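One-letter residues, chain by chain:
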Amino acid sequence: MGLTKQYLRYAASAVFGVIGGQKANIAYVTLRGGEKGRYVAVAACEHVFIWDVRKGEKVLILKGQKHEVTYLCASPDGINVAVGYEDGAVRIFSLLNGESNVSFNGHKTAVSVMGYDALGARLVTGSRDTDVIVWDIINESGLYRLRGHKDVVTQALFLKDRNLLVTSSKDSFVKWWDLDTQHCFKTMVGHRSEVWGMVLLNWENRLLTGSADSELRAWDIDYMQEEKAVGEPKEKKGKTLLDDDDDDEDDEEGVDENVEERILSCKKAGSILREARDRVVSMAADAKGRVIGCHGNDSVLELFTVLSEEEVQKKMIKKTKKAKKKAAKAQEDAGEEAVEPVEPVVERTLQDEILRLTNIKASAKIRWVDCLSCAGGELKVALLLQNNTIETYSLKTSDRIPAANKTARLTLGGHRTDVRTLAFSSDNLAVLSASGDTVKVWNRSTLQVIRTMACEYALCSLFVPGDRQIILGTKSGKLQIFELSSGSLLETVDAHNGSLWSLCLAPDQRGIVTGSADKTVKFWAFELIKDETTAQKRLTLKHSRTLQLEEDVLCVKFSPDHRLLAVSLLDNTVKVFYTDSLKFFLSLYGHKLPVLCLDISHDSTLIATGSADRNVKIWGLDFGDCHRSMFAHDDSVMFLQFVPKTHLFFTAGKDKKIKQWDADKFEHIQTLEGHHREVWCLAISPNGDHIVSTSHDKSLRLWERTREPIILEEEREMEREAEFEESIANGEAPVVPGETQGEAAPAAKKTVETVKAAERIMEALELYKEENRKLEEHKYACMTAVNKLPLPKPNPILVAFGNISASRYVLDVIKKVRSSELEVSLLVLPFPYVPQLLTLFNSYIQQGLEVELVCRCLFFLLKIHFGQISSNQMLVSVIDDLRTNTVSKVQEIRDVMGFNSAALQLLQREIESKEDVMFFADATGQLSQKKKKRRKRERAILTIA
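Residues numbered from 1 in each chain as written. Predicted model: local features only at pLDDT ≥ 70, side-chain atom pairs only at ≥ 80, totals over all residues. Heavy atoms only, no water.

*Asks:* For this particular structure, what's the right way to read the confidence of the model for the protein?
*Replies:* Across the protein, the average pLDDT comes to 86, with 90% of residues at 70 or higher. Across the protein, element-level confidence peaks in strand 51 (residues 648–653) with a mean pLDDT of 96 and bottoms out in helix 2 (residues 252–257) with 40. Contacts for the low-pLDDT stretch residues 226–257, under 50 throughout, to residues beyond four places or in other chains number 18 contacts. (pLDDT = per-residue confidence, 0-100. Helix = DSSP H or I, 4+ residues; strand = E, 2+ residues; numbered from the N terminus. Contact = heavy atoms within 4.5 Å.)

Below you can see the structure in the form of structure tokens.
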């Protein structure tokens, strides 16, 4: 067998250059021992970054897997963060260690909104697939899916003291859901366009919604059950939930019309006008619902404050006094006789309850906002801006005219606009990235910014030999030379009249060549001249030759032997010239659209060209013949570069992928997936060990060459398996018998993991059946044999798990299935395995093994296979045994839990009576107060001394 060519795998190393992703919101979080309002969580492509806004440092990275983050929600206790992804998955991360232990998979498309309930025990998620799902975090399972909206869900809020949920959507409706019965009992239709956000105020007695116009609509919520509990209503409009069906003789139509009145009524209370005229982009309120932040597609955040009832009453008294004075003055002016003054009627309006606090002007357009109330009436506001920046503000809400002070601005760790050019230094240690306004130099090992310099819109760049200066080619046709040691601009050269698309360093390192949209290629030589201001020599560029062409120049490249110059033109061709005489040598034509990138191999034998027609062509430089044309990307090929000293090259495309190719065998080696938008360019280090790429998603990604070899056959097989698994996951969802397509449905969905879990359960049941058959055969053989026969050898799998029994192995397999995937895994399980599983469940319950888990599986199987189980005569005895055993065992567990709960409550009461402190609830707060008092006492003693 001949030796195969070995390729080494490139693997993702780090993501940097992104401060906050635009797709997901910003959220205040609390790290262990950290102060309130110091840390914010933002999305960074598939990861979540936790920033310390005071120090401007990244303190924690919550690592994702593949898909982009679309929403963040911090838990009420501040310990966890729920993260929603583009594929509909939800993962809950612990802020203590940054690990994810709970994951849910129920949505088909991106998660658009999430919210915790007051206890942090349930999580509601809304998605672009228009479904709302409620998850049980403690049990790590989905409770139910709520269907009813016809467009993207934009907000979902739990009510604290009632088992109700309110959701808004782009379909212009706000829906109220009764979670006890899992149905929508009220739909608010008062909006003419999309509802983009909403908040609950006044102890959940008012709802404020933001739509596509300049109004914030307020709705008064009247809870009907509460009213009827306090006193008799004036008119009985419908039955309460406590009423018996027999007590009301109304017909069904009357009940259906007033069904919403059983729980609450919602009436419009008025509206508040925003200063902005465009739609509401996002709304946020602090935890107490006292301050509301709202913004549109501009850079102004409008803050409103909700007055308490006492403050409103004081305001109304002042308003009444003013009205009295005004009426008395009007009476005097009219010259009327003094009669008993009439009490003026002053109506209470929405503007008396919700006041405009102040406006905050950010440095760029606002994308997301979060508010946090701190001690002493301080309000902290975090803004995620559209130009990859985070700004935080602080203001005192108690001040008469609150002034917002900017407390932090995170800009250093990323560019404001897309990076369009990258370059590596000759020592492989520094990376240059340039965008529309700044050029940054990064340390490759630490990923920290070394230098940041203001520049014009950069399109191409390189390090000058010696790595002390850099040269940028700009959109206006200028060449800018920067000194890295001082970070200063040395010189700006007016090189071309059009956009300068390409720069290339000469192989002798004595100059550069530039290509521009003004149809010229210019040659420049490096020179040292004496600077008049510093009296020291500095670098400059001297124009030596010009090559005039008939079309715009898109890319220029020297051959490494300095013999040829390749120029790609707007007419879809690549022209090759002799460097010394600039005489025409070859014309490479065959692309259907312009060639956007090209490169020449280290031995000057091959030239590879990438075009907007999505193809890559490999040509010979001796005769200009096309060796091979390959369909490379699903969109334009934006960048192409050979790995130094090899015939391997990388391409980057607008299809978000980076691919590696072999120019000798014309084979696709590897695909690097990670970017979520178009990849603009990449740079390969001189030693070939590192690659840096940049994309429209604002991120820079570092890829490292590992020692792991790539076997192409295995790579293709893995790609086919991934496609097959994706097709399984995207297949039709399993139908639950007896379930109708109503408002409520099961929460989880069929995925590759659920199919694999079902297969593992089936394999375990087959193993159990096989072991039972062996034991039966051995038992029969012992009955007929004279001497005692040895027991058959157990299955190697059972031996590997510590010689456990086959029935125990089945239970262990079921235990290892994720709680959130258990129901769907059982749903996929074929019915012939169910009778055997029910028999095993009976034995587990008798032995008291995992009673809760077994009961959960048992009840679900009975629910979905009720018809087949009840009609099977063989299962009657099993079901009867299960009925008696399950009831008794569950009662035992309830007794134990009740006993333990009573004992803990007794301990709590004893400790509270001894120490006279509230246990668990306010212990931490009171401890901090004691420490403060002790410190004051110590200071007082020190001052006296």
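*Asks:* How do you make sense of the packing of aromatic side chains when you look at a structure like this?
*Replies:* Aromatic ring pairs are described here by two measures, namely the spacing of the ring centres and the angle between the planes. Inspection of the entire model under this criterion finds eleven aromatic pairs. Where Phe16 meets Trp442, the ring centres are 5.0 Å apart and the plane angle is 70°; that geometry is what we call edge-to-face. With Phe16 in strand 1 (residues 7–16) and Trp442 in strand 32 (residues 438–443), this pair connects stretches of sequence that are 426 residues apart. Across the ring face of Phe523, the terminal group of Arg545 is positioned such that the distance to the ring centre comes to 4.5 Å. Arg563 extends its terminal NZ or CZ atom over the ring of Phe585, reaching a point 5.9 Å from the ring centre. (Phe/Tyr/Trp six-rings, centres within 6.5 Å; stacked < 30°, edge-to-face > 60°. Lys NZ or Arg CZ within 6 Å of the ring centre and 35° of its normal.)

*Asks:* Would you mind going over the pattern of salt bridges with me for this structure?
*Replies:* Inspection of every chain in the model, using the stated rule, returns 41 salt bridges. The residue Arg54 makes a salt bridge to Glu35 at a minimum N-O spacing of 2.8 Å. Highlighted residues: Arg54 in the loop between strand 4 (47–52) and strand 5 (57–62) and Glu35 in the loop between strand 2 (27–29) and strand 3 (39–44), separated in sequence by 19 residues. Since its relative accessible area comes to 56%, Arg54 is described here as exposed. Between Asp131 and Arg147 there is a salt bridge, with the nearest N and O atoms lying 4.0 Å from each other. Within this pair, whereas Asp131 is found in the loop between strand 11 (122–127) and strand 12 (132–136), its partner Arg147 is found in the loop between strand 13 (141–146) and strand 14 (153–158), the two being separated by 16 residues in sequence. Exposure remark for Asp131: the relative accessible area of 10% places this residue in the buried category. (Salt bridge = Lys/Arg side-chain N within 4 Å of Asp/Glu carboxyl O. Buried < 20%, exposed > 50% of the residue type's maximum accessible area, 1.4 Å probe, protein only.)

*Asks:* Would you explain helix 10 (residues 851–864) in this entry?
*Replies:* Residues lying three or four places apart along an α-helix face the same way, a consequence of the helix completing one turn every 3.6 residues. For helix 10, which comprises 14 residues, the first-to-last C-alpha distance of 20 Å matches the rise-based estimate of 20 Å (1.5 Å per residue) to within 8%. Along helix 10, ten of the 14 residues are buried, which leaves the element largely enclosed by surrounding structure. Of the residues making up helix 10, those classed as buried are Val851, Leu853, Val854, Cys855, Arg856, Cys857, Leu858, Phe860, Leu861 and Ile864. (Expected span 1.5 Å × (residues − 1).)

*Asks:* What's the story with the nonpolar core in this structure? I'm lost.
*Replies:* Generally speaking, a soluble globular protein has its nonpolar side chains buried in company with each other. Counting 39 residues, the largest nonpolar core has Ile761, Val810, Ile814, Leu826, Leu837, Leu838 and Phe841 as its most contacted members. Elements with a contribution of two residues or more to this core: helix 5 (752–784), helix 7 (806–816), helix 8 (822–828), helix 9 (834–847), helix 10 and helix 12 (876–915). Once residues lying within four places of it in the same chain are set aside, the contact partners of Leu837 are Leu765, Val810, Ile814, Leu826, Leu829 and Leu861. Listed in part, the 28 residues of the second largest apolar core include Val113, Ile133, Tyr144 and Cys184. (Core = buried A, V, L, I, M, F, W, Y, C linked by side-chain atoms within 4.5 Å.)

*Asks:* Mind showing me how you'd approach the sheet that holds strand 7 (residues 80–85) here?
*Replies:* Backbone-to-backbone hydrogen bonds pair the strands of a sheet. The strands run either parallel or antiparallel. Spatial ordering of the open sheet is given by 6-7-8-9, a layout of four strands whose pairing is antiparallel. Only two strands of the sheet have a single neighbouring strand rather than two, namely strand 6 (69–74) and strand 9 (100–105). Each strand of the sheet is rotated relative to its neighbour by a mean of 20°, with strand direction disregarded. As paired elements, strand 7 and strand 8 (residues 89–94) share five bridges and run antiparallel to each other. (Pairing = 2+ DSSP bridges. Axes fitted to C-alpha atoms, helices over the stretch in contact; angles between N-to-C directions.)

*Asks:* Would you take a moment to explain the side chain of Arg444 for this structure?
*Replies:* With respect to the helices and strands, Arg444 occurs in the loop between strand 32 and strand 33 (449–454). Although buried, Arg444 forms no salt bridge, and the nearest oppositely charged side chain, Glu704, lies 4.8 Å from it. Side chain to side chain, Arg444 and His690 meet in a polar contact 3.0 Å long. With sequence-adjacent residues up to four places away left out, Arg444 is seen in contact with Phe424, Asn428, Leu429, Val431, His690 and Leu702. (Lys, Arg positive; Asp, Glu negative; His and termini not counted. Polar contact = N/O pair within 3.5 Å; in protein donor to acceptor, adjacent residues only side chain to side chain.)

*Asks:* Got a minute to help me understand the sheet that holds strand 50 (residues 637–642) in this structure?
*Replies:* Across the sheet, which stays open at both edges, the four strands sit in the order 50-51-52-53 with antiparallel pairing between neighbours. Two strands bound the open sheet, and with one partner strand each, they are strand 50 and strand 53 (667–673). Recorded for the sheet is a direction-independent mean angle of 20° between the axes of neighbouring strands. Here strand 50 pairs with strand 51 via five bridges, running antiparallel. From the neighbouring strand, Leu640 faces strand 51, where its bridge partner is Thr651.

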